[in-house]
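Examination of the molecular architecture
One letter stands for each residue in the lines below.
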Amino acid sequence: MKRPIKNFLTCLTLLLSASVFSCAKAPIKALIVTGQNNHNWEVNSVALQKYLNESGIFTAELAISPQKGEDMSSFRPDFSAYKLIVLDYNGDAWCDDANRAFLEYVKNGGGVVVYHAADNAFRNWKEYNEIIGLGGWENRDETDGPYVYFKDGKAVRDTSSGLGGSHGKQHEYAIVVRDKKHPITKDLPESWMHSKDELYDRLRGPAKNLTVLATAYSAEETGGTGRDEPVLMTITWGKGRIFHTVLGHDTRWTVEGGSFAVTFLRGAEWAATGKVTRKIPDGFPRK
Ligand code: ZN
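Quick look at the structure, then. Bear in mind the structure is a predicted one, so any value in this text is a computation, not a measurement.

Scanning the protein from N- to C-terminus turns up five helices and 13 strands. Against the compact-globule benchmark of 19 Å for 287 residues, the protein has a radius of gyration of 20 Å, which places it among compact chains. C-alpha extents for the protein along the principal axes are approximately 80 × 50 × 35 Å. Relative to its full complement of 287 residues, the protein shows a buried share of 54%. Residue pairs at least 24 apart in sequence account for 66% of intrachain contacts in the protein once pairs closer than 6 positions are excluded. Looking at the protein as shown, the accessible area adds up to about 13,500 Å², and 52% of this sits on carbon and sulfur atoms.

So, on to the coordination of the zinc ion. At this site the zinc ion is bound by His39 (NE2), His116 (NE2), Glu198 (OE) and His249 (ND1), with donor distances of 2.0 to 2.2 Å. Angles of 90 to 158° at the metal separate the four donor atoms of the zinc ion, which places the site in the irregular class. The sequence pattern describing where the donors of the zinc ion fall on their chain is H-x76-H-x81-E-x50-H. Separated by 77 residues along the polypeptide, His39 in the loop between strand E1 (28-34) and helix H2 (41-54) and His116 in the loop between strand E4 (111-115) and helix H4 (126-132) bring together distant segments of the chain. Note on accessibility: His39 and His116 belong to one class, buried.

Helix length check: helix H5 (residues 259-273), at 15 residues, gives a terminal C-alpha distance of 21 Å against a target of 21 Å (1.5 Å per residue), a fit within 8%. The positive-phi residue at the C-terminal boundary of H5 is Gly274, with phi of around 85°.

The full count for this structure, using the stated rule, is 17 salt bridges. The salt bridge involving Asp228 is made with Arg178; its shortest N-O contact spans 3.7 Å. Remark: Arg178 occurs in the loop between strand E8 (171-177) and strand E9 (191-197) and Asp228 occurs in strand E12 (residues 227-237); sequence separation between them is 50 residues. Its relative accessible area of 27% is what places Arg178 among the partly exposed residues. Here the salt bridges do not stand alone but share partners, grouping Lys50, Glu54 and Glu256 into one network.

Of all hydrophobic cores here, the largest spans 79 residues; its most connected members are Leu52, Leu84, Leu87, Trp94 and Phe102. Setting aside anything within four residues of it in sequence, one finds Phe102 in contact with Phe79, Ile85, Leu87, Trp94, Val112, Trp125, Tyr128 and Ile131.

Bringing the packing of aromatic side chains into the picture now. Within this structure, the stated rule accounts for 18 aromatic pairs. Taken together, a centroid distance of 5.8 Å and an interplanar angle of 85° make the contact between Trp94 and Phe102 edge-to-face. For the ring pair Trp94 and Phe122, a centre distance of 5.2 Å and an interplane angle of 75° mean the geometry is edge-to-face. With Trp94 in the loop between strand E3 (84-87) and helix H3 (96-107) and Phe122 in the loop between E4 and H4, this pair connects stretches of sequence that are 28 residues apart. Overall, Trp94 belongs to the buried group, its relative accessible area being 5%.

With that out of the way, let us pick up the pairing of strand E13 (residues 240-245). With respect to burial, E13 is a largely interior element, five of its six residues being buried. Relative to E13, E12 runs antiparallel, the two being bridged by six bridges. Within E13, the position partnered with Trp237 by the bridge is Gly240.

Position of Gly110 relative to the elements: it lies in the loop between H3 and E4. Relative accessible area serves as the criterion here: at 8%, Gly110 is assigned to the buried category. Apart from the residues within four sequence positions on either side, Gly110 is in contact with Lys83, Tyr105, Gly240 and Arg241.

The rules behind the values
- Residues numbered from 1 in each chain as written.
- Predicted model: local features only at pLDDT ≥ 70, side-chain atom pairs only at ≥ 80, totals over all residues.
- Heavy atoms only, no water.
- Helix = DSSP H or I, 4+ residues; strand = E, 2+ residues; numbered from the N terminus.
- Rg over C-alpha atoms; globule rule 2.2 N^0.38 Å.
- Buried < 20%, exposed > 50% of the residue type's maximum accessible area, 1.4 Å probe, protein only.
- Contact = heavy atoms within 4.5 Å.
- Areas by Shrake-Rupley, 256 points an atom, 1.4 Å probe, with all protein chains shown as cover.
- Donors = N, O, S within 2.8 Å, 3.2 Å for Na, K, Ca; no water.
- Tetrahedral: all angles 85-135°; square planar, octahedral: opposite > 155°, others 65-115°.
- Expected span 1.5 Å × (residues − 1).
- Salt bridge = Lys/Arg side-chain N within 4 Å of Asp/Glu carboxyl O.
- Core = buried A, V, L, I, M, F, W, Y, C linked by side-chain atoms within 4.5 Å.
- Phe/Tyr/Trp six-rings, centres within 6.5 Å; stacked < 30°, edge-to-face > 60°.
- Pairing = 2+ DSSP bridges.

What follows is the structure, encoded as structure tokens:
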């Protein structure tokens with residue numbers, strides 16, 4: 001091989017390997033959509049951002065909406081610039097352009113995390129409800145889709161009439177993995193004790209392309225349903241991957257390496273990439 005060509009090929013190889021190396025190392029861009037919520041979004045969104053940024057996998061920014069009742073037309077996050085959108089939003093409708101851009105993002109393979117009360121939002125937005133899979137409150141009822149819960153170890157789709165969404169009093173509860181093969185739950189214990197939290201129940205929705213990864217028993221003594229309610233789920237919509245966690249009512253009760261943070265980050269990584277590379281920390285709770 002002539003020297004100039006050989007030198008050129010060597011340079012090209014070095015350049016390519018350098019770019020592959022830098023791509024592998026570049027953090028994944030995530031956007032947390034927040035600004036209106038019936039929860040303390042100022043605290044929760046910053047905690048989510050911290051967990052993402054300190055994971056070594058993501059770099060996370062906040063998109064803070066105008067306040068309730070204000071003009072929403074200027075709120076148009078550039079969803080397509082990110083690989084992960086974390087929904088920490090439960091408030092006024094976005095403008096049509098923002099709605100369209102979000103659906104386009106998910107359809108084209110964008111990753112989404114539906115966090116806690118984000119599954120309360122936008123009852124009348126059909127596609128949003130398909131993306132969250134299950135929702136609650138805002139007078140959701142049997143016209144929104146079945147209740148989904150576990151009975152005798154199997155997922156039940158219950159079309160009986162009634163309102164969707166409620167919860168008993170906050171308490172510690174056991175989480176049970178129902179899909180041990182999914183990348184998000186594969187290395188987790190079969191069950192563990194979750195720190196004090198709300199436990200959503202009676203969620204209902206389209207539940208299309210929905211997999212329940214883990215449930216928690218909603219005891220009647222704490223004001224619950226007496227059912228095994230879904231707490232971690234995945235949904236696919238178009239080419240998009242969605243991870244839905246009902247956990248994390250108040251992130252002041254959550255800790256790094258704990259049940260909420262670990263499941264949140266595993267779900268976030270899977271939604272963004274289809275894989276989970278994170279190890280379970282040694283201190284993760286076991287039953
Ligand atoms: Zn809550």
